Amino acid sequence: MLEYLKDKREKATNSEEAERLDKEIKYHIQTEGKVQEILKQISRQVTGSWKMVAVFSKSPQSIEHPECNRDVLSTFFSLCYKMQTHPYITKYLYRLTNLCNMYSSDKIVDAVLENCSHN
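Described in the following lines is the structure provided in the data block. No experiment lies behind these values; they were computed from the predicted model shown.

Here we come to the nonpolar core. Counting residues in hydrophobic clusters, the biggest one holds 24 residues, and the most contacted among them are Ile 42, Val 72, Phe 76, Leu 96, Ile 108 and Val 112. Setting aside anything within four residues of it in sequence, one finds Ile 42 in contact with Phe 76, Leu 96, Leu 99, Ala 111, Val 112 and Asn 115.

What follows covers the pattern of salt bridges. Scanning the model with the defined rule gives seven salt bridges in all. The partner of Asp 7 in a salt bridge is Lys 11, and the shortest N-O contact between them spans 3.2 Å. In this structure, Glu 19 and Lys 23 form a salt bridge, with 3.8 Å as the shortest nitrogen-oxygen distance. In this pair, Glu 19 and Lys 23 are both assigned in helix H2 (residues 15-47), four residues apart and thus about one turn of the helix distant. By relative accessible area, Glu 19 is classed as partly exposed at 47%. The network of salt bridges with shared partners includes Glu 17, Arg 20 and Glu 24.

We now examine the packing of aromatic side chains. For the coordinates displayed, the defined rule picks out two aromatic pairs. Seen from their ring centres, Phe 56 and Tyr 103 are 5.9 Å apart, and the 55° between their planes marks the pair as tilted. Placement of Phe 56 in helix H3 (residues 50-57) and of Tyr 103 in the loop between helix H5 (94-100) and helix H6 (105-116) is noted, with a sequence separation of 47 residues between them. Owing to a relative accessible area of 3%, Phe 56 belongs among the buried residues under this scheme.

For the structure shown, the criterion picks out two disulfides. One disulfide in the model links Cys 80 with Cys 116; its S-S distance is 1.6 Å. Of note, the bridge from Cys 80 to Cys 116 carries an S-S torsion of about 90° and is right-handed in sense. Separated by 36 residues along the polypeptide, Cys 80 in the loop between helix H4 (66-79) and H5 and Cys 116 in helix H6 bring together distant segments of the chain. Grouping residues by exposure puts Cys 80 and Cys 116 together as buried. In the protein chain, the cysteines engaged in disulfides, taken in order along the sequence, are linked 1-3, 2-4.

Criteria and cut-off values
- Residues numbered from 1 in each chain as written.
- Predicted model: local features only at pLDDT ≥ 70, side-chain atom pairs only at ≥ 80, totals over all residues.
- Heavy atoms only, no water.
- Core = buried A, V, L, I, M, F, W, Y, C linked by side-chain atoms within 4.5 Å.
- Buried < 20%, exposed > 50% of the residue type's maximum accessible area, 1.4 Å probe, protein only.
- Contact = heavy atoms within 4.5 Å.
- Salt bridge = Lys/Arg side-chain N within 4 Å of Asp/Glu carboxyl O.
- Helix = DSSP H or I, 4+ residues; strand = E, 2+ residues; numbered from the N terminus.
- Phe/Tyr/Trp six-rings, centres within 6.5 Å; stacked < 30°, edge-to-face > 60°.
- Disulfide = S-S within 2.5 Å.

Take a look at the structure:
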């Protein structure tokens, strides 16, 4: 999405369109940063350790508990950020999948609720 907007910005023919696209690009870049921060906070709350946040953020693991993933991602998308509006955030959501491999869905969902209820 960001690449599409940036490409569209390069091809903008008037300053109003360019300014509108600049604002939209800035919004999505800021949102991407916020998503990463929220995921770090959720991971910290679930694991209780910043060291473990780094471990769970390294790389995607296999999905071992699909029910947990369904519950956690459903809660995240309904309370935090809609996937349809922010499709670029999906590249970070493996962190929630990784948590599901070690922790209960209730614990993760509680952390999502606490960290996303303000969005």
